[in-house]
Structure formats: C-alpha cells, structure tokens
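Observations on the three-dimensional arrangement
One-letter residues, chain by chain:
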Amino acid sequence: MRVLLVLLFVLAANSAQADSYKLICENPRREYIVTYADGDRNIQVSDGVNETPYTVLAVEKTQQKHVVAAQTPNGGPSVRMNLRPYLRMEYWTDGQLFQTDACRLPN
C-alpha cells in the first residue's frame, strides 16, 4: 500500500509539470517574442519593449497537434498559436484569417 501511494505521488508530480514555450515570430514589420506555459491564463507577446497579454480562450492538445486560442486586448483579433505540428501565429477577425506569422525556437 505504501509503495502504491509513493507511486501515485510521483505520477501526480510529473503530470503537474507544465511545458513552457518561447517562440520568436515575425510579422511583416518586425520580430516578436511569444511565451506561454501550459495552464497559463495568458499568452505573453513582447516586441522587446512592451509586453501584451493575450487571454487564453481554449487549448487543443493531442499527439497530433497543440493549438492555443486566445483573444488580443480591446476587442482586437483572435489568435491561434500553433505549437505542433508546426510553429506559427495565426490572426483572425470576423472568422477570416488575415495574417500568418512564421515562428521558430530561439537559438
């Protein structure tokens, strides 16, 4: 019984660890940094000077894909941060994709 309790504790501790992500993305004007950790309420987007939180609306995480949907501030466009199978930020307004930014992992 004691071994089972220890095993359950170890499994719970391992599953509680959140994966963290840091991406460098580029729009037509400049590069920006996107950070997110599983379970966070916001995606953080920084241009190196200012940091803007995007409110997380939903997360789809399967073996095939990992996508975080978020809302930009002040009623701006919605965002889909794609972490798997590819890295990119997609910006949507009125149900239409209007911008796709390629992303990469930092060196």
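In this report, the structure presented in the accompanying data block is examined. Keep in mind that this is a model prediction, so the values were computed, not measured.

**A few points about the sheet that holds strand 3 (residues 42–46)**
Overall, antiparallel pairing links the 8 strands, which are arranged 1-2-3-4-5-6-7-8 in a closed barrel. Across the sheet, the mean angle separating the axes of adjacent strands is 30 degrees when strand polarity is ignored. The pairing of strand 6 (residues 78–84) with strand 7 (residues 88–93) spans 5 bridges and is antiparallel. In the sheet register, Val79 faces strand 7, and the bridge partner there is Tyr91.

**Section: the side chain of Asp38**
Inspection of the secondary structure assignment puts Asp38 in the loop between strand 2 (31–37) and strand 3. Of note is the side chain of Asp38, whose polar atom sits 2.6 Å from the side chain of Lys61. When residues no more than four places from it in sequence are discounted, the contact partners of Asp38 are Ala18, Asp19, Tyr21, Lys61 and His66.

**Points about the packing of aromatic side chains**
If you walk through the whole model with that rule in mind, you get 1 aromatic pair. Ring centres 6.4 Å apart and planes at 15 degrees place the aromatic pair Tyr21 and Tyr36 in the stacked group. Within this pair, whereas Tyr21 is found in strand 1 (residues 20–26), its partner Tyr36 is found in strand 2, the two being separated by 15 residues in sequence. The burial state of Tyr21 is the same as that of Tyr36; both residues are buried.

**Notes on the state of the cysteines**
Throughout the structure, instances matching the rule amount to 1 disulfide. Between the sulfur atoms of Cys25 and its disulfide partner Cys103 the distance amounts to 2.0 Å. Taking the torsion about the sulfur-sulfur bond, which here is approximately 105 degrees, the covalent link between Cys25 and Cys103 counts as right-handed. On the criterion of sequence distance, the pair formed by Cys25 in strand 1 and Cys103 in strand 8 (residues 96–104) is long-range, its members being 78 residues apart. Overall, Cys25 belongs to the buried group, its relative accessible area being 1%.

**Some words on the nonpolar core**
Counting residues in each nonpolar core, the largest one holds 18 residues, and the members touching the most others are Val34, Ile43, Tyr54, Met81 and Met89. Counting residues per element, the ones that place at least two in this core are strand 1, strand 2, strand 3, strand 4 (51–61), strand 5 (66–71), strand 6 and strand 7. In contact with Met89, other than residues within four places in its own chain, are Cys25, Tyr32, Val34, Tyr54, Val79, Arg80, Met81, Gln99, Thr100, Asp101 and Cys103.

Rules of the game
- Every chain's residues receive numbers from 1 upward, in the order its sequence appears when written.
- Reporting of local features is limited, given that this is a predicted model, to residues whose pLDDT is at least 70; pairs of side-chain atoms are given and counted only at 80 or more, and all residues count toward the totals for whole chains, interfaces and linings.
- Water and hydrogen atoms were dropped before computing side-chain values, which therefore reflect all heavy atoms in the structure.
- Two strands qualify as a pair provided DSSP detects at least 2 bridges between them.
- Going along the chain from the N terminus, every DSSP run of H or I of four or more residues is numbered as a helix, and every run of E of two or more is numbered as a strand.
- Note on method: axes are straight lines fitted to C-alpha atoms, helices fitted across the in-contact stretch only, with angles between N-to-C directions ranging 0 to 180 degrees.
- Distance and chemistry together define a polar contact, namely a pair of N or O atoms within 3.5 Å, with one atom able to donate a hydrogen and the other to accept it when in protein, and with adjacent residues in sequence counting only for side-chain atoms on both sides.
- Whether two residues touch is decided by their heavy atoms; if any such pair falls within 4.5 Å, the residues are in contact.
- Geometry of aromatic contacts follows a simple scheme: Phe, Tyr and Trp rings, the Trp one being its six-membered ring, pair when their centres are within 6.5 Å, and the pair is stacked under 30 degrees between planes, edge-to-face over 60, tilted otherwise.
- For every residue, the accessible area obtained with a 1.4 Å probe (protein chains only) is divided by the maximum for its type, and the residue is called buried under 20%, exposed over 50%, and partly exposed between those limits.
- Disulfide assignment relies on a single distance test, namely cysteine sulfur atoms paired within 2.5 Å.
- Grouping buried Ala, Val, Leu, Ile, Met, Phe, Trp, Tyr and Cys residues that are joined through side-chain atoms within 4.5 Å yields what is termed a nonpolar core.

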